[in-house]
Amino acid sequence: MDCIKCGKPLEYDEVAIYKRLISRAATEFECKACLAATLGVTVEDIDRKIDFFRRHGCTLFN
Ligand SMILES: [Zn+2]
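Residues numbered from 1 in each chain as written. Predicted model: local features only at pLDDT ≥ 70, side-chain atom pairs only at ≥ 80, totals over all residues. Heavy atoms only, no water.

## Section: helix 2 (residues 32-39)
Cut-off, in case you're wondering: Think of it in three bands: residues with accessible area under 20% of the maximum for their type are buried, residues over 50% are exposed, and the middle band is partly exposed, with areas taken using a 1.4 Å probe on protein chains only. Only DSSP runs of H or I with at least four residues qualify as helices, and only runs of E with at least two residues qualify as strands; both kinds are numbered from the N terminus onward. By definition, residues are in contact when any of their heavy atoms lie within 4.5 Å.
Inspection of helix 2 places K32, C34, L35 and A36 among the buried residues, and these make up the whole buried set. Where helix 2 is buried, its residues touch helix 1 (12-21) and helix 3 (43-55).

## Side note on the pattern of salt bridges
Filter applied, for reference: Salt bridge criterion: a side-chain nitrogen from Lys or Arg within 4 Å of a carboxyl oxygen from Asp or Glu.
Per the counting criterion, the structure on display carries six salt bridges. Taking the shortest distance from any N to any O, the salt bridge between K8 and E14 comes out at 3.4 Å. In this structure, the salt-bridge partner of D45 is R48, at a minimum N-O distance of 2.6 Å. Placement of the pair is D45 and R48 together in helix 3, with a separation of three residues, close to one helical turn. We classify D45 as partly exposed; its relative accessible area is 23%. With relative accessibility at 53%, the residue R48 sits in the exposed group.

## Description of the packing of helix 1 against helix 2
Applicable threshold: Angles shown run from 0 to 180 degrees and are taken between the N-to-C directions of axes, each axis being a line fitted to C-alpha atoms and, for helices, limited to the stretch in contact. In these notes the angle categories are as follows: under 35 degrees is roughly parallel, over 145 is roughly antiparallel, 65 to 115 is roughly perpendicular, and the rest is oblique. Crossing handedness: left-handed means the near helix sits turned counterclockwise from the far one by under a right angle, and right-handed means the same turn made clockwise.
Orientation of helix 1 relative to helix 2, taken along the N-to-C sense of each, is 20°, at an axis distance of 10 Å. Classified by the interaxial angle, the pair formed by helix 1 and helix 2 is roughly parallel. Judged by the sense of rotation from one axis to the other, the crossing of helix 1 with helix 2 is left-handed. Judged by residue contacts, E14, I17, Y18 and L21 of helix 1 engage K32, L35 and L39 from helix 2.

## Some thoughts on the packing of aromatic side chains
Note the threshold: Two aromatic rings, drawn from Phe, Tyr or Trp (for Trp, its six-membered ring), form a pair once their centres lie within 6.5 Å of each other, and the interplanar angle then sorts them: stacked below 30 degrees, edge-to-face above 60, tilted otherwise.
Summed over the entire model, instances satisfying the criterion amount to three aromatic pairs. Aromatic pair F52 and F53: ring centres 5.5 Å apart, planes at 80°, arrangement edge-to-face. Taken together, the ring pairs in this structure connect F52, F53 and F61 into an aromatic cluster.

## A closer look at the coordination of the zinc ion
The following threshold applies: Coordination shells were defined by N, O and S atoms within 2.8 Å of each metal, extended to 3.2 Å for Na, K and Ca; water is absent from the atom set, which can make sites look incomplete. Irregular is the default label, applied whenever a site is not tetrahedral (four donors, all angles between 85 and 135 degrees) and neither square planar nor octahedral (four or six donors, opposite donors over 155 degrees apart, all other angles between 65 and 115).
The coordination sphere of the zinc ion, as far as protein atoms go, consists of C3 (SG), C6 (SG), C31 (SG) and C34 (SG), spread over 2.3 Å. Relative to the metal, the four donor atoms surrounding the zinc ion lie at angles of 106 to 117°, and the coordination shape comes out tetrahedral. Sequence spacing of the donor residues for the zinc ion, all on one chain, is C-x2-C-x24-C-x2-C. By relative accessible area, C3 is classed as buried at 4%.

Okay, here's the thing in structure tokens:
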């Protein structure tokens, strides 16, 4: 699966954080860089959110 904005191959975490932040029903996804731009945050913010959700046992990150 590739990012719908830039075409970069997506990592599992990128799909998971997109579902967590945008929509669990999403079928198309953005990579971390594009998602950060969409949300007006930095890639580091996205990484921190991924860490946060993983530490808190979010099932999307299992
Ligand atoms: Zn992208």
